[in-house]
Amino acid sequence: MLSEAAASLFSIDENISFKLRPVIARLPRRSPEYTADPILIDDENWPAMRDALVQGIMARATPQRKDLLFRSDALQFAHGCASFAYGSAGIIYALQKVVGHVPPELTNHMYRMARDGNGCLGGGFFDGLHGAAHTLLITGRDDQAAETLNAAMARPLPSSDAFFGGKAGVILNLLHFADALGDDSLSGRADELGSELANTVISDDQALAQLPAGLLHGYSGLAVLFVRLYEHTRRQLFLNAAEIALRRDMHSGRLLDDGVYHLFKNPKYLIYFDEGSIGLGLALDRFVVHRPIPEFEKILGEIRHGCTIPFVMQPGLFQGRTGLIAALADSDRQCDSRAGRDQAARLNWHALHINNHIAFPGNGLTKVSDDFATGSAGILLVLDALFTRRQPELPFLSKTADTEEVGI
C-alpha cells in the first residue's frame, strides 16, 4: 500500500516500487490477525468503517484489568490511564459523541480509575480530573461529573497557563460546566481566573514568554479561552488579550516557499494540531468573527492551503493527518470539504484490519492506539464529523452562533 502510494505521488518506476517494499510484505501472510487489504475511506464506505472502528475499540477494551482500560499511547502512563488525551476519558468521549452511548461498565471503569488518584495525574483538562469530569457530564452522569469536578478544583491550580494541562483548559471546563448546569458560581470563578490571565497577557508578563507556540501548549490555546470568555461576557479585555496572544504565537510563524504558513520550533516547521499552525488557525478563525483583521485572514488562507499536503507521517489527531482533516471539516467551504475527503482517503495508508475490525497505529507507528490524541478515537470523531457534514466536536472548539460564518 505505502509503496504504491509513493509510486503514485513521486512517479517511481515499478521495479523500484517493488524493491521499496519491506521483505515481510513480499512473503506469504503469516498471521490471520492482521490483513493488508486496502480500506476505502469515503462517503459510501464510511458507515461500515465507522462501525468497524467502534467495534474494534470496544473489542480491545480490557475492563477486567484495574490499571488500564484501552490500548493507548505510552504517554497514558505519564498522564494517567483515565486522562482525556491518552487515556479512557477521551476514548469514551469520542464514542459517546459518535455512537450516542457507551457500555456502563466502561464508563464505570473510567470513573473509578479517575477517582482513585492514579488515573489522572495532571492538574488540567487533557491530563487531569477536569477531562474525566467533562466526559462524565456528556455521558449524562451529572452527579459523578460534579463530584469529579469538585475533586479537581480541590487540587492546586496547575502552574502552566496552557490549554493541555494548564489554567486555560481548567477555565474552559468551568465555563462548560457553568453553562450545562446553570451554575453562576462556576461562571464567576471562570471569569475571575480568566481576568487574571488576560491581565497578565496584556501586561506582557515575562513569565508567559516561556510558553511554546501552538494550540495545546502555547498562546493559541489562551486565545481560544479569551474568545470564549468574550462571548460569555462581551468584555473587550478578553478580545484584546486574545489578539495579543495570537500575535505572540505569530512571532513563531513562517511562510514557506510553497505558500504554507507554519509555526517554527527549532529545528522544525510545524503544521500539526497541537504545536503547529493548524491550532493557530482554529484560534484565528474564532477571533476574526469578532474582530476582522486582514493580516489574520491572510494567514488563515495560508494555513488552509497547508491542510492539503499529501504526505503526513502519522494518522492521529494531535500530530498527524487527522488534525488536518479536523481543520478542513471545521470549514463551511465546499472546497475544504472536498480536500478533507481527499485527506481522509489517504488514511488508508495506515488503517489496519485486525480480527475483522479496523485500527490505527499511534505516534511512531509502532503499536495500535485507540486514544484521542494519537489513535482511533480521535480519528473516529473527526471522520464522522467530516462524512456527516458537521463541525468536529472537539472540546471547547465548537463554534457559537456568531462564529459560524467563517471557516479555516
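In this text the structure is predicted, and so the values were computed from the model without any measurement.

Enquirer: Could you give an account of helix α7 (residues 104-115), naming the residues involved and the relevant values?
Expert: Residues spaced three or four apart along an α-helix face the same direction, because each turn holds 3.6 residues. For α7, which comprises 12 residues, the first-to-last C-alpha distance of 16 Å matches the rise-based estimate of 16 Å (1.5 Å per residue) to within 8%. All buried positions along α7 are accounted for by Leu-106, Thr-107, His-109, Met-110, Tyr-111, Met-113 and Ala-114. Those residues of α7 that are buried lie in contact with α4 (46-60), α6 (88-99), α8 (129-138) and α9 (142-154). With its phi angle positive at about 95 degrees, Gly-117 sits one or two positions after the end of α7.

Enquirer: So what's going on with a nonpolar patch on the surface? Which residues, and what values?
Expert: Judged by side-chain polarity, Phe-311, Met-313 and Leu-365 come together as a nonpolar surface patch covering roughly 300 Å² of accessible area. Locating Phe-311 in the fold gives a position in the loop between α15 (294-306) and α16 (321-329).

Enquirer: Which residues make up the sheet that holds strand β4 (residues 268-270), and what values go with them?
Expert: Within the open sheet, the three strands sit side by side as β2-β3-β4. Their pairing is antiparallel. At either end of the open sheet lies a strand with only one pairing partner, and these are β2 (253-255) and β4. Each adjacent strand pair in this sheet contributes to an overall mean axis angle of 45 degrees, direction not counted. Strand direction decides the pairing type here: β2 and strand β3 (residues 261-265), joined by three bridges, are antiparallel. Looking at β3, one finds that Gly-253 is bridged to Leu-263. Together, β3 and β4 form the strand contacts of helix α14 (residues 277-288), whose direction differs from that of β3 by roughly 120 degrees.

Enquirer: For the packing of aromatic side chains, give the residues involved together with the corresponding values.
Expert: Using the criterion set out here, one finds 17 aromatic pairs in the structure. For the pair Phe-125 and Phe-396, a centre-to-centre distance of 4.8 Å together with 65 degrees between the ring planes defines the contact as edge-to-face. Of this pair, Phe-125 sits in the loop between α7 and α8 while Phe-396 sits in the segment after α18 (376-387), and the two are 271 residues apart along the sequence. You'll find Phe-125 and Phe-396 in the same group, each marked buried.

Enquirer: Lay out unusual backbone geometry with the relevant residues and their values.
Expert: Leave glycine aside and you will find that most residues have negative phi; peptide bonds, for their part, are mostly trans. Following Asn-266, the chain continues into Pro-267 via a peptide bond in cis, with omega recorded as 5 degrees. Mapped onto the elements, Pro-267 comes out in the loop between β3 and β4. The backbone of Leu-365 shows a phi angle near 60 degrees, a positive value even though the residue is not glycine. Structurally, Leu-365 can be placed in the loop between β6 (357-359) and α18.

Enquirer: An account of the side chain of His-262 is requested, with residue identities and associated values reported.
Expert: Looking at the element boundaries, His-262 is found in strand β3. Residue His-262 is classed as buried on the basis of its relative accessible area of 10%. Setting aside residues no more than four positions away along its own chain, His-262 makes contact with Ser-252, Gly-253, Arg-254, Leu-256, Tyr-269, Leu-270, Ile-271 and Ser-277.

What counts, and at which threshold
Residues numbered from 1 in each chain as written. Predicted model: local features only at pLDDT ≥ 70, side-chain atom pairs only at ≥ 80, totals over all residues. Heavy atoms only, no water. Helix = DSSP H or I, 4+ residues; strand = E, 2+ residues; numbered from the N terminus. Expected span 1.5 Å × (residues − 1). Buried < 20%, exposed > 50% of the residue type's maximum accessible area, 1.4 Å probe, protein only. Contact = heavy atoms within 4.5 Å. Patch = residues over 30% accessible without salt bridge, like charges linked within 9 Å, V, L, I, M, F, W, Y side chains within 5 Å. Areas by Shrake-Rupley, 256 points an atom, 1.4 Å probe, with all protein chains shown as cover. Salt bridge = Lys/Arg side-chain N within 4 Å of Asp/Glu carboxyl O. Pairing = 2+ DSSP bridges. Axes fitted to C-alpha atoms, helices over the stretch in contact; angles between N-to-C directions. Phe/Tyr/Trp six-rings, centres within 6.5 Å; stacked < 30°, edge-to-face > 60°.

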